[in-house]
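# An overview of the molecular structure
Now for the letters of each chain:
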Amino acid sequence: MFNVSFNTKAMRALSLSAATSVSVLLAACGGGTGSAQYAIDSSGNLTSATASTKLANGSTQTTSVSTSPSTTTGSTTTTTTTGTTTTTGATPGTTTGTTTGTTTGTTTGTTTGTTTGTTTGTTAGTMTGTTTGTTTGTTTGTTTGTTTGTTAGTTTGTTAAPAPYGQTGTAWTMTFQDEFNSWNTAKWNDTIWYEAGNATKNYTVSNGSLKIWPARDATGKFFNRTIDTDGKYYQTYGFFEIEAKLPIGKGTWPAFWLFNHIGTRRPEIDIMEAYAGGGPASGWSDANLHPTAYAPTVWIDAGRLAGTKTILTSDLSAAFHKYAVKWEPTRQTFYFDGREVYTLAVSMPDPMYIMLDLWYGSASGQPDSTTPTGIGNSYEVNYVRAWKQG
């Protein structure tokens, strides 16, 4: 603590500066003599001051100053000092004033001491963007704001089921679907109902498709392979569709059909039967034994043909195509890549199951040493789907 005496007759204000460049402005009114007391901390900062002045008219003027705690950001120190002057005595009236000063400077060095104070602040704003990272720390204060951005997480929702290809204006409900991400024994058998399956495996599910290929069994003979839903899925009426690419070679006879064995009856809707190997004279394939036509066919019963039509196409082994039928109570409409190719008006009221097969014979003739074998010459099916109307 220091005591200082000074004469104020010719002075209107006194400016004091501490080592941290804090400014204190003491305002005086009139003339007289007085004394002041100041408190300075260990760093040379003015913390408080009180001055008393006796004026010529006999009144006493008291001036007090207090310094708010300093705030240091980087290498910049800012201090705010506020002082109040009050005059009492013979002169009528009271004079009250507030002096505020701000000093901004740069301090380089090391400061040791204790600062006590309270900081209250409010941050308001809007942040838009994406924030990625980890923040560790403790924040004390009040923050008000709005954050708009992107949050990474898990979304649970429902994906709409595929609709029949090329169909509009009719509501359909999916009743069967296999996209062939795996082999599903709950949906499929690998043999037909009237015979045991061949032990030589010539089918697989890989890369999102079912593949059935020409192969010889342990005896050296080509054998039929049937994949069906017999005993597992049946339907009466609806829309049935596959997307497939066909094999080449003499004797190959791939098909997609609906069938049932009800007592002695055999109702059947052949959506796609394709042939390769009969040669140009048969009208079914080209000279290189590539399938270039297929035949939608309806059988009311075994030996009772309702109708059939040969659909001439490009090479069906070169790319995937969609084969479908819309089966109504008294009408069957067949589609190739969404385009209507054949309509037959006949009643087919029995439930049926789905069949996919690679057989040999009929217009394709019999396979021989020229028929390519192995997975590279597969009847490849990307999906099987079925719907009911409504």
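Being a predicted model, the structure only gives us computed values, none of them experimental. Counting of residues starts from 1 at the beginning of each chain's written sequence and follows it residue by residue. Thresholds applied to this predicted model are a pLDDT of at least 70 for local features of residues and 80 or more for the giving and counting of side-chain atom pairs; totals over whole chains, interfaces and linings are not thresholded and use all residues. Remark: hydrogens and water are excluded; side-chain values derive from all non-hydrogen atoms of the structure.

### Brief notes about the overall build of the protein chain
Helical segments are the DSSP runs of H or I of at least four residues, strand segments are the runs of E of at least two, and each set is numbered from the N terminus. Of the regular secondary structure elements, the protein chain holds zero helices and 27 strands. Per-residue accessibility, obtained with a 1.4 Å probe over protein chains only, is compared with the maximum for each type, and a residue is labelled buried under 20%, exposed over 50%, and partly exposed between these values. Burial statistics for the protein chain: of 390 residues in total, 39% are counted as buried. We call two residues in contact when some of their heavy atoms are within 4.5 Å. Looking at the protein chain alone, contacts between residues at least 24 apart form 61% of all its contacts between residues at least 6 apart. Surface accessibility follows the Shrake-Rupley procedure with a 1.4 Å probe radius. Residue values consider only the protein chains on display as shielding. Summing over all exposed atoms, the protein chain offers an accessible surface of approximately 20,900 Å²; the carbon and sulfur share of this is 51%.

### Regarding the confidence of the model for the protein chain
When the pLDDT values of the protein chain are averaged, the result is 75; 57% of them are 70 or greater. Per residue, pLDDT measures the predictor's confidence, with a range of 0 to 100. Confidence over residues 70-81 falls short of pLDDT 50; this stretch has 39 contacts with residues more than four positions distant or in other chains.

### Notes on the pairing of strand 20 (residues 297-301)
In this scheme, strands are said to pair when DSSP sees at least two bridges between them. The sheet contact formed by strand 18 (residues 268-273) and strand 20 spans three bridges and is antiparallel. The partner of D270 across the bridge, within strand 20, is T297. Across four bridges, the pairing between strand 20 and strand 21 (residues 304-308) is antiparallel. Each residue of the ladder has a partner; that of D301, found in strand 21, is R304. Counting the residues in the hairpin turn of strand 20 and strand 21 gives two residues, including G303, whose phi is positive at 85 degrees.

### Topic: empty space enclosed by the protein
Here a cavity denotes grid points, spaced 1 Å and computed from the protein atoms alone, that fit a 1.4 Å probe unable to get out, and a pocket denotes an open set having protein on both sides within 12 Å along at least 5 of 7 lines; residues with an atom within 4 Å of a point are the lining. Grid points are joined across faces, edges and corners, and a volume is the space filled by probe spheres set on the points. In this structure the tally under the stated criterion is two cavities of 30 Å³ or more. Volume-wise, the second largest cavity comes out at about 30 Å³. Along the walls of the second largest cavity sit Y165, F239, E241, K322, Y323, A324, Y335, D337 and G338, which together make up its complete lining. Looking at the lining of the second largest cavity, the elements that each hand over two or more residues are strand 16 (238-245) and strand 23 (321-328).

### Notes on the side chain of S209
Looking at where S209 falls in the secondary structure, it is placed in strand 14 (residues 209-212). Polar contacts involving the side chain of S209 include one to the side chain of E380, which spans 2.8 Å. Sequence-distant contacts of S209, defined by excluding residues within four places in its chain, comprise F180, T204, E380, V381 and N382. In the analysis that follows, any N or O atom pair within 3.5 Å is treated as a polar contact, provided that within protein one partner can donate a hydrogen and the other can accept it, and provided that, for residues neighboring in sequence, both atoms belong to side chains.

### Digging into the side chain of T371
By the element assignment, T371 lies in the loop between strand 26 (353-360) and strand 27 (379-389). Here the side chain of T371 touches K250 through a polar contact of 2.7 Å, landing on its backbone oxygen. In contact with T371, not counting residues within four places along its chain, are P214, F222, G249, K250 and T252.

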